[in-house]
Amino acid sequence: MLLRMSTLFLRTLREDPADAEVPSHRLLVRAGYVRRAAPGGYTWLPLGRLVLDRITQVVREEMVAIGGQEVLFPALLPREPYETTGRWTEYGDDIFTLKDRRGAEYLLGPTHEEMATLLVRDTFTSYRDFPVSIFQVQTKYRDEARPRAGLLRGREFLMKDSYSFDLDRAGLAAAYGRHRAAYQRIFDRLGLAYTIVAATSGAMGGSASEEFLAATPVGEDTFVGCTACDYAANTEAVTTPPAPAGDVHAHPSAQVYDTPETPTIESLVALANARHLGGRTDWTAADTLKNVVVELRRPGSDEPELLVIGVPGDREVDLKRLAAVLSPATVSMFDGFADRPELVRGYIGPQLLAKLGIRYLVDPRVAPGTAWLTGANEPGRHATDVVCGRDFTPDGTIEAAEVRAGDRCPACRPGVLTIRRGVEIGHVFQLGRRYTDAFRVDVLGQDGKPVRLTMGCYGIGVSRAVAAIAEQHHDDRGLVWPAAVAPCDVHLVAAGKGPQVEAALELAGQLAGRGLRVLVDDRTHVSAGVKFADAELIGIPRAVVVGRRWADGYVELRDRATGDRTELPAAELLARLTEPARPGSGGLPAS
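Throughout, a residue's number is its position along its own chain's written sequence, starting from 1. Local features in a predicted model are, by the rule used here, given only for residues with pLDDT of at least 70; side-chain atom pairs are given and counted only at 80 or more, and totals for whole chains, interfaces and linings are based on all residues. Where side-chain values are given, they derive from all heavy atoms of the structure, hydrogens and water being excluded.

### Looking at the side chain of aspartate 522
Here comes step 1: The numbering of helices and of strands both runs from the N terminus, where a helix is a DSSP run of H or I of at least 4 residues and a strand a run of E of at least 2. By the element assignment, aspartate 522 lies in the loop between β29 (518-521) and α13 (528-538).
Here comes step 2: Only 2.6 Å separates the side chain of aspartate 522 from the side chain of arginine 4, close enough to count as a polar contact.
Here comes step 3: In this description, contact between two residues means that some pair of their heavy atoms is separated by no more than 4.5 Å. Once you skip the residues sitting within four places of it in the chain, aspartate 522 turns out to touch Arg4, Met5, Ser6, Val501, Leu505 and Lys531. Within 3.5 Å is the distance limit for a polar contact, defined as a pair of N or O atoms, with the added protein rule that one can donate a hydrogen and the other accept it, and that residues adjacent in sequence qualify only through two side-chain atoms.

### A closer look at the sheet that holds strand β7 (residues 105-108)
Here comes step 1: Criterion used throughout: strands pair if DSSP finds at least two bridges between them. Strands sit in the order β5-β7-β6 across an open sheet of three strands; the sheet is antiparallel. Each of the sheet's edge strands pairs with one partner strand only, and the pair in question is β5 (76-78) and β6 (97-99). For this sheet, the mean inter-axis angle between neighbouring strands, taken without regard to orientation, is 40°.
Here comes step 2: Relative to β7, β6 runs antiparallel, the two sharing three bridges. By the bridge assignment for β7, threonine 97 is matched with leucine 107. Each axis is a line fitted through C-alpha atoms, and for a helix only the stretch in contact is used; angles between axes span 0 to 180 degrees, taken between their N-to-C directions.

### Some words on the nonpolar core
Here comes step 1: By nonpolar core is meant a set of buried Ala, Val, Leu, Ile, Met, Phe, Trp, Tyr and Cys residues that side-chain atoms within 4.5 Å join together. Only protein chains enter the accessibility calculation, which uses a 1.4 Å probe; a residue whose area is less than 20% of its type maximum is buried, one above 50% is exposed, and one in between is partly exposed. In this structure, Tyr33, Ile55, Phe187 and Trp481 are the most contacted members of the largest nonpolar core, which totals 61 residues.
Here comes step 2: Judged by nonpolar contacts, the second largest core, of 25 residues, contains Tyr82, Tyr163, Tyr435 and Leu453.

### Some points on the packing of aromatic side chains
Here comes step 1: By convention, a stacked pair of Phe, Tyr or Trp rings (six-membered ring in the case of Trp) has centres within 6.5 Å and planes under 30 degrees apart, an edge-to-face pair has planes over 60 apart, and any other such pair is tilted. Counted under the stated rule, the structure contains ten aromatic pairs.
Here comes step 2: With a centroid separation of 5.6 Å and an interplanar angle of 50°, the aromatic rings of phenylalanine 187 and phenylalanine 212 are classed as tilted. Of this pair, phenylalanine 187 sits in helix α6 (residues 169-189) while phenylalanine 212 sits in strand β11 (residues 208-215), and the two are 25 residues apart along the sequence. Here phenylalanine 187 matches phenylalanine 212 in class, with each residue buried.
Here comes step 3: A network of ring pairs unites the aromatic residues Tyr183, Phe187, Tyr194 and Phe212 as a single cluster.
Here comes step 4: A cation over a ring is seen here: arginine 280 above tryptophan 283, with NZ or CZ 3.9 Å from the ring centre.
Here comes step 5: Above the plane of the ring of tyrosine 554 lies arginine 549, whose end atom (NZ or CZ) is 4.1 Å from the centre. Charge over a ring is defined by NZ of Lys or CZ of Arg lying within 6 Å of the ring centre and within 35 degrees of the ring normal.

### Points about the sheet that holds strand β14 (residues 255-258)
Here comes step 1: In spatial order, the strands read β14-β20-β19; together these three strands make up an open sheet with antiparallel pairing. This sheet does not close on itself; its edge strands, each paired only once, are β14 and β19 (371-378). Averaged over neighbouring strand pairs, the angle between their axes works out to 30° when direction is ignored.
Here comes step 2: As paired elements, β14 and strand β20 (residues 381-387) share four bridges and run antiparallel to each other. When the bridges of β20 are listed, valine 256 appears paired with alanine 383.

### Some remarks on the pattern of salt bridges
Here comes step 1: Should a side-chain nitrogen of Lys or Arg be within 4 Å of a carboxyl oxygen of Asp or Glu, the pair is scored as a salt bridge. Inspection of every chain in the model, using the stated rule, returns 48 salt bridges.
Here comes step 2: Put simply, aspartate 282 and arginine 280 hold a salt bridge, and the shortest N to O gap is 2.8 Å.
Here comes step 3: Using a relative accessible area of 28% as the deciding quantity, one classes arginine 280 as partly exposed.
Here comes step 4: The shortest N-O distance in the salt bridge between aspartate 475 and arginine 560 comes to 2.8 Å. Of this pair, aspartate 475 sits in strand β26 (residues 474-475) while arginine 560 sits in the loop between β31 (554-559) and β32 (565-569); the two residues are 85 residues apart in sequence, bridging distant segments of the chain.

### Examining the environment of glutamate 70
Here comes step 1: Looking at the element boundaries, glutamate 70 is found in strand β4 (residues 69-70).
Here comes step 2: The spacing of glutamate 70 and arginine 60 is ten residues in sequence and 8.4 Å in space, taken between C-alpha atoms.
Here comes step 3: A distance of 2.8 Å separates the side chain of glutamate 70 from the side chain of arginine 60, its partner in a polar contact.

### Things to note about the state of the cysteines
Here comes step 1: Here, a disulfide means two cysteine sulfur atoms that sit within 2.5 Å of each other. Counted under the stated rule, the structure contains zero disulfides.
Here comes step 2: Cysteine 226 takes part in no disulfide bond, and the closest cysteine sulfur, belonging to cysteine 409, lies 3.5 Å away.
Here comes step 3: With a relative accessible area of 13%, cysteine 226 lands in the buried category.

### What about the environment of alanine 250?
Here comes step 1: Position of alanine 250 relative to the elements: it lies in the loop between β13 (232-234) and β14.
Here comes step 2: Looking at alanine 250, the relative accessible area reads 54%, which means it is exposed.
Here comes step 3: For alanine 250 and alanine 371, which are 121 residues apart along the polypeptide, the C-alpha to C-alpha distance reads 9.5 Å.

### Regarding the environment of glycine 432
Here comes step 1: Its location among the elements puts glycine 432 in strand β22 (residues 417-432).
Here comes step 2: The buried category is assigned to glycine 432, whose relative accessible area is 9%.
Here comes step 3: C-alpha of glycine 432 to C-alpha of aspartate 168: the two residues are 264 residues apart in sequence and 9.1 Å apart in space.
Here comes step 4: What glycine 432 contacts, discounting residues up to four positions off in sequence, is Leu172, Leu453, Thr454 and Met455.

In short, the description is geometric, and any link to function would need to be established separately.
Right, dumping it as structure tokens:
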């Protein structure tokens, strides 16, 4: 393949796009890989399409290697299957819906579990047909409320989704393991640094799931690791080691105190110590019980439910964690205190919530027998020694408190948690029988009795992977593509307007003829400085400069990742370019 910049559909930019928030967005637009078409939608230009296709090919190869068979479902999907599983309602505003001229309702596919299940149900009838694994690479659609960060959070994106069908849980576990290993090979080949973390299943359902997160400071996901063991989890899936239960009668009776002008935890702790509430002067925020009122809206319901979340006062309620636990319901902060005078803002305690008929869920640290300084449900008043299990009984526990660096690891005794940010590039789910139950997908078993199939699903964000790679592989001059995904293998730069251009074109033809993917900058209306700047911005791993020493038969070979430069005879160039790359370089051969 030979591309000439004099005719290539490409325009590089010197300035960052005004709406670009993250490096991948800025650089992919500036280097001419993508262009914004609409909020959350991007046009892939020739160089970008080459990168996308190379990533897709890696994904496809690894899916085929584990026995996957490629299909292609429609993107325009009927409402009925999604009604059957409940996801038409669960997705809510997150899906694009439309009606045809006859009034029939459709959605633009966000994912295809329903269609895959129906396809298998309509195709196979016997245990002899299984296991089955199918996959597709297709455009997906989700109505993001706020598309942002370029390709990292769009409304239209390319995804690989695969589906496994097995006769039992052992078969599902094996299929899950094959996909998990294939994902590791894929992301290793793509040059991505990633962490596999425990995750929540959300609207997908199922019993277990893991995410593959590419580490980057601009990632929307936060995840934890342990300093002493291999525990790793998305913060949404982190579990809190519960506090030990104590004797509910081991504390004095609750006492109510006047605590004027203390609507915040900080002001309450200061007053409690100053006035020796409960005979103490060592109160901290961790001794207080914060009660946060939220509104819960269940799919298909117009009426919200009030819910109160209790967490230690030194913690904030993490709405993202709370939403993950309560999914598919949506949650938001309650602000209607004027219409609910029994809920005294800043002074809410758990003592009266049961009488008010309000569900109360607490952090696992709020264990039976623990005593708290908390609101007394009156303006300007708090109570000490309010004991869980004596003065109030929660309706359950919930993982809603923020996770902090230094928290105890839930998997081992000595470890503490560290926190990083990342971008989700892959997700694997053990769905079990959620979808096969919904569609009654049974096949004839070996004993002649019906067997209900069990299912897994596995996704990779192909277009998101382009951005994730760009986030991890760039510098202040531009993109630095790994060799496996770069649009071309080598970028020839003619550093002149006369014989160098003709020589570069001739050399490019020779390299392309030997199977290399070549981009040659044969433009005559721009300076050598502009060509070099564009080469660094575009980020192809190896650049060959045809410059001053061409008359002596020499070219310069540059490594984009390391900055190394080597002059060598042009006659040796092909051999050097086809040598194995040095470890850690962007593609420069070993010397």
